[in-house]
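Commentary on secondary and tertiary structure
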Amino acid sequence: MRIILLGPPGAGKGTQAANIVEKYAIPHISTGDIFRKNIKEGTELGKKAKEYMDQGLLVPDELTCGLVADRISQDDCKNGFMLDGFPRNIAQAEQLDKYLSEAGTKLDKIVNIEVDKSILVGRAVGRRICKSCGATFHVEFNPTKVEGICDKCGAELHQRADDNEETVSKRIQVYLDETKPLVGYYNKQGIVADINGDQAIEKVFADIVDALGE
Ligand code: ADP
Ligand code: AMP
């Protein structure tokens with residue numbers, strides 16, 4: 001199964017990705033996670049990506065498309081993958097389609113998680129992520145049992161550098177201008193499943209399973 005998780009920042013893509021990976025046993029490929037790993041490791045790519053991420057802007061396509069093509073050509077993606085945060089604009093989607101058609105495959109489904117703009121900022125600003133296993137929580141909507149400590153592995157939680165109100169607002173605007181048009185792009189291919197993301201996490205996942213099949 002080859003799927004894409006689409007939706008604005010804070011829609012719940014990462015949260016649902018953890019559930020999807022467990023059920024369907026496909027690799028989770030998040031371009032945001034790849035960039036953050038590079039920033040942490042101090043690589044050239046990380047240094048360049050950080051300039052854009054700190055401003056809530058998209059990292060240029062030249063730095064993004066190649067790394068996704070490399071990643072999905074790896075062995076563990078032979079039977080499927082889930083992209084989270086890629087593509088982010090029409091040019092990236094076109095490059096992905098070209099790559100897949102040359103490889104003789106295609107996308108099966110776009111899981112489009114829809115959440116009203118008014119609740120996105122609160123979702124992102126309250127997001128906390130485990131420093132060790134990457135699990136995602138929310139101070140109010142999905143709190144850990146012990147404040148600041150991951151329920152899954154016991155490590156400390158942290159807040160993403162770009163999860164402040166100003167940068168989140170910019171990221172939402174970038175989503176509306178550059179990423180949302182992908183819904184129309186993939187609707188033409190007839191593969192979009194619209195999911196209401198403004199429901200309990202378990203209910204959102206149940207709707208995704210309905211759309212993807214057991
Ligand atoms: P994305 O990957 O789309 O940016 P996340 O999955 O990281 O979004 O979710 C953003 C924040 O909202 C996280 O703190 C997460 O715990 C919380 N969240 C995710 N899904 C829901 C939901 N259905 N209801 C309330 N809060 C949610
Ligand atoms: P995310 O983790 O998906 O919220 O992404 C965090 C940030 O990483 C975004 O605001 C962008 O700056 C950058 N980013 C992630 N994926 C992409 C992409 N496909 N194209 C361009 N920039 C990206």
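Residues numbered from 1 in each chain as written. Chains lettered and ligands numbered in written order. Predicted model: local features only at pLDDT ≥ 70, side-chain atom pairs only at ≥ 80, totals over all residues. Heavy atoms only, no water.

The name given to the protein in an unreviewed UniProt entry is Adenylate kinase, and the organism recorded there is Peptacetobacter hominis. We quote the UniProt Catalytic activity (unreviewed entry) comment for the protein here in full: "AMP + ATP = 2 ADP". Among the UniProt annotations of the protein, the heading Subcellular location (unreviewed entry) holds the following wording: "Cytoplasm". (UniProt positions renumbered as here; feature names shortened; annotations may be inferred.)

1. So, the site of ligand 2
Thr31, Arg36, Leu57, Val59 and Gly85 are the nearest of the 16 residues found near ligand 2. In this structure, an oxygen atom belonging to ligand 2 sits 2.9 Å away from a side-chain N or O atom of Arg36. Within the contact set of ligand 2, a nitrogen atom lies 2.9 Å away from a backbone nitrogen or oxygen of Gly85. Starting from 490 Å² of accessible surface for ligand 2 in isolation, the protein chains cover 95%. Here the shell around ligand 2 takes four residues from helix H2 (residues 31-41), the largest share from any one element. Considered class by class, the residues forming the shell around ligand 2 number six nonpolar, five polar and five charged. (Near = heavy atom within 4 Å. Polar contact = N/O pair within 3.5 Å; in protein donor to acceptor, adjacent residues only side chain to side chain. Areas by Shrake-Rupley, 256 points an atom, 1.4 Å probe, with all protein chains shown as cover. Helix = DSSP H or I, 4+ residues; strand = E, 2+ residues; numbered from the N terminus. Nonpolar A, V, L, I, M, F, W, Y, C, P; charged D, E, K, R; others polar.)

2. So, the UniProt feature "binding site: Zn(2+)" (unreviewed entry) in the protein
Under the feature "binding site: Zn(2+)" (unreviewed entry), the UniProt entry names Cys130, Cys133, Cys150 and Cys153. Across 24 residues, the annotated set stays spatially compact, with a maximum C-alpha separation of 8.5 Å. Mapping Cys130 onto the fold places it in strand S5 (residues 127-130). By relative accessible area, Cys130 is classed as buried at 3%. Tracing the backbone shows Cys133 in the loop between S5 and strand S6 (136-138). Not counting the four nearest positions on each side in its chain, Cys133 is found in contact with Cys150, Lys152 and Cys153. (Buried < 20%, exposed > 50% of the residue type's maximum accessible area, 1.4 Å probe, protein only. Contact = heavy atoms within 4.5 Å.)

3. Focus: the environment of Cys65
Secondary-structure assignment places Cys65 in helix H4 (residues 61-72). Here the alpha-carbon distance between Cys65 and Thr167, two residues 102 residues apart in the chain, equals 23 Å. Not counting chain neighbours up to four residues away, the residues in contact with Cys65 comprise Phe86, Gln92 and Gln95.

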